[in-house]
Amino acid sequence: PSDGPHPIGSTLNLTCSIYPLPPDDVTYQWTSSERYQSITTPDSSLPVAMVTIGSGHGKEARYFCSVYSGSNLLAVGSTVIAVQGLLYPVGPTVVEFTPGSDPVTLEVGIGDSDKIQYFRSLKWFVNSVEISSNGKYLISQDDRSLTINGTVEQDAGVYEVKFTGLLRKGYEEKCRADSEVLDLLSSYPIASPVTFQLVKQGNVIRTQTVEEENKLTLPIMFYENTSFVFSWAVPADRQQYTSFYWQFNGLQSQAYTTGGGVGFSQEVAITQPTILDDGYLDGDAVLYSYNYLYDKGCVLYREIAYWIIGTYDIVLDDISIHITFYAPPEVQAGASNLTITSLQSSILT
């Protein structure tokens, strides 16, 4: 597919190309790092698949095509699909302004999804402080745009617009887990906020997204044991409801995790790796929201995650590791294991 990001609900056609041409009897297996996303394949002998992006899809996921001759793996290819939020920016998210010049307008659009029925309203914030319409700020009637009048240097900062409040089956209910559910779902495109940065003309900023921070490349050597400890960013009150899942090239695998570590962490070990270990190792820390919200004292809203994203499992933290090989030196004496310890995730919690 094109680079995207692609709207929720859109259907994408995937094609797997291999060169030189494989034998006639090959089959194609499609998998994804997105565990709950279904992939439609008309025939395993054809190198095509179809994906309709569900409301529980993450901000991006890697899709894999594995080519087999019988039980023998011939090749693996992959592509990344990025997903546009239900709320999405209209125009750039980094906006330069000159103090005292014309007003600055920030605007968002809302995608076409029946899930919008569960969200009550939009609110704007500047540097985490809620904004209300006044002479300085003008919020449109539909809440989709914010105009900043009489700009001064102090207007530089982070502006955010997000859904606040949930509707339960079309009517409003009061519940102390209302904001809790929105917080849990805020890392998903279906409920994620849109952030703008207002920057004084001439100032240069470089921001790193959570997705960039949580991607690693791990170079390893053939047959050389490798391990690291990954510390999951999960708040203490959610840890007893959280489980871990690891996938290699889109297939669930426990082969790489050995437990251990300090605190809420896991050791990941790759023993005597071969060319078959070249690929992508993806890990998720998953909260079972049904029990978590029940114990929070809000029975009414424990279904809300299922209605919105189609599962009770909510990803709190994730990591994607590209395992790749480097050539061994010509002369190697007593090579030691490569160990990365205390690799701390920074995903939104």
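All values reported here derive from a predicted model rather than from experimental measurement.

## Looking at the overall build of the protein chain
In step 1: When helices and strands are tallied, the protein chain shows 4 helices and 24 strands.
In step 2: Counting only residues that meet the buried cut, the protein chain has 44% of its 349 residues in that class.
In step 3: Long-range pairs, those at least 24 residues apart, make up 73% of the contacts in the protein chain between residues at least 6 apart in sequence.
In step 4: A total of about 17,700 Å² of accessible surface is found on the protein chain, and carbon and sulfur atoms cover 49% of it.

## A closer look at the packing of aromatic side chains
In step 1: Taken as a whole, this structure holds 12 aromatic pairs when the rule is applied.
In step 2: Summarising the aromatic geometry, the rings of Tyr118 and Trp307 are spaced 6.1 Å apart at their centres and angled 15° between planes, so their arrangement reads as stacked. Residue Tyr118 is found in the loop between strand S8 (104-110) and strand S9 (119-126), and its partner Trp307 is found in helix H4 (residues 304-309); the two are separated by 189 residues along the sequence.
In step 3: The structure contains a cluster of three or more aromatic residues connected by ring pairs, namely Phe230, Trp232, Phe244 and Trp246.
In step 4: Across from the ring centre of Tyr245, 4.0 Å away, lies the NZ or CZ of Arg35, which sits over that ring.

## Quick look at the pattern of salt bridges
In step 1: Scanning the entire structure with this criterion turns up 8 salt bridges.
In step 2: Here Glu130 ties to Lys123 by a salt bridge, and the two come within 3.8 Å at their closest N and O atoms.
In step 3: A relative accessible area of 33% places Lys123 in the partly exposed class.
In step 4: A salt bridge links Asp155 to Lys136, with the nearest nitrogen and oxygen atoms 2.7 Å apart. Taken together, the positions of Asp155 in the loop between strand S12 (145-148) and strand S13 (157-168) and Lys136 in the loop between strand S10 (129-130) and strand S11 (137-139) put the pair 19 residues apart, joining distant regions of the chain.
In step 5: By relative accessible area, Asp155 is classed as buried at 5%.

## A closer look at the environment of Tyr63
In step 1: Position of Tyr63 relative to the elements: it lies in strand S4 (residues 60-69).
In step 2: A sequence separation of 49 residues divides Tyr63 from Leu14, and the C-alpha atoms of the two residues are 9.0 Å apart.
In step 3: In this structure Tyr63 touches Leu14, Thr31, Ser32, Glu34, Gln37, Ile39, Val51, His57, Gly77, Ser78, Thr79 and Ile81, once residues within four positions along its chain are discounted.

## Topic: the nonpolar core
In step 1: Counting residues in hydrophobic clusters, the biggest one holds 77 residues, and the most contacted among them are Leu146, Tyr159 and Ile308.
In step 2: Ranked by residue count, the leading element in this core is strand S23 (residues 313-325), at 6 residues.
In step 3: When neighbours within four sequence positions are excluded, Tyr159 is seen to be in contact with Leu106, Phe125, Val126, Ile131, Tyr137, Leu146, Ile148, Val194, Thr195, Phe196 and Leu198.

## Side note on the sheet that holds strand S22 (residues 279-288)
In step 1: Taken together, the 5 strands give an open sheet; going across it, the order is S16-S23-S22-S18-S19, and neighbouring strands pair in mixed fashion. In this open sheet, the two strands that pair with only one neighbour each are strand S16 (215-220) and strand S19 (251-252).
In step 2: Both strand S18 (residues 242-248) and S19 contribute to a ladder of 2 bridges, which runs antiparallel. Pairing of Gln247 across the sheet is with Gln252, part of S19.

## Re the side chain of Ser186
In step 1: You can see Ser186 is positioned in the loop between helix H1 (178-185) and strand S15 (194-200).
In step 2: Side-chain polar atoms of Ser186 contact the backbone oxygen of Asp183, separated by 2.8 Å.

## Things to note about the sheet that holds S12
In step 1: Taken together, 4 strands build an open sheet; the order of strands is S6-S8-S12-S11 and the sheet is antiparallel. Of all the strands in the sheet, the pair left with one neighbour each is strand S6 (87-89) and S11. Within the sheet, the average angular offset between the axes of one strand and its neighbour, ignoring direction, is 20°.

So, how was this worked out
- Residues numbered from 1 in each chain as written.
- Predicted model: local features only at pLDDT ≥ 70, side-chain atom pairs only at ≥ 80, totals over all residues.
- Heavy atoms only, no water.
- Helix = DSSP H or I, 4+ residues; strand = E, 2+ residues; numbered from the N terminus.
- Buried < 20%, exposed > 50% of the residue type's maximum accessible area, 1.4 Å probe, protein only.
- Contact = heavy atoms within 4.5 Å.
- Areas by Shrake-Rupley, 256 points an atom, 1.4 Å probe, with all protein chains shown as cover.
- Phe/Tyr/Trp six-rings, centres within 6.5 Å; stacked < 30°, edge-to-face > 60°.
- Lys NZ or Arg CZ within 6 Å of the ring centre and 35° of its normal.
- Salt bridge = Lys/Arg side-chain N within 4 Å of Asp/Glu carboxyl O.
- Core = buried A, V, L, I, M, F, W, Y, C linked by side-chain atoms within 4.5 Å.
- Pairing = 2+ DSSP bridges.
- Polar contact = N/O pair within 3.5 Å; in protein donor to acceptor, adjacent residues only side chain to side chain.
- Axes fitted to C-alpha atoms, helices over the stretch in contact; angles between N-to-C directions.

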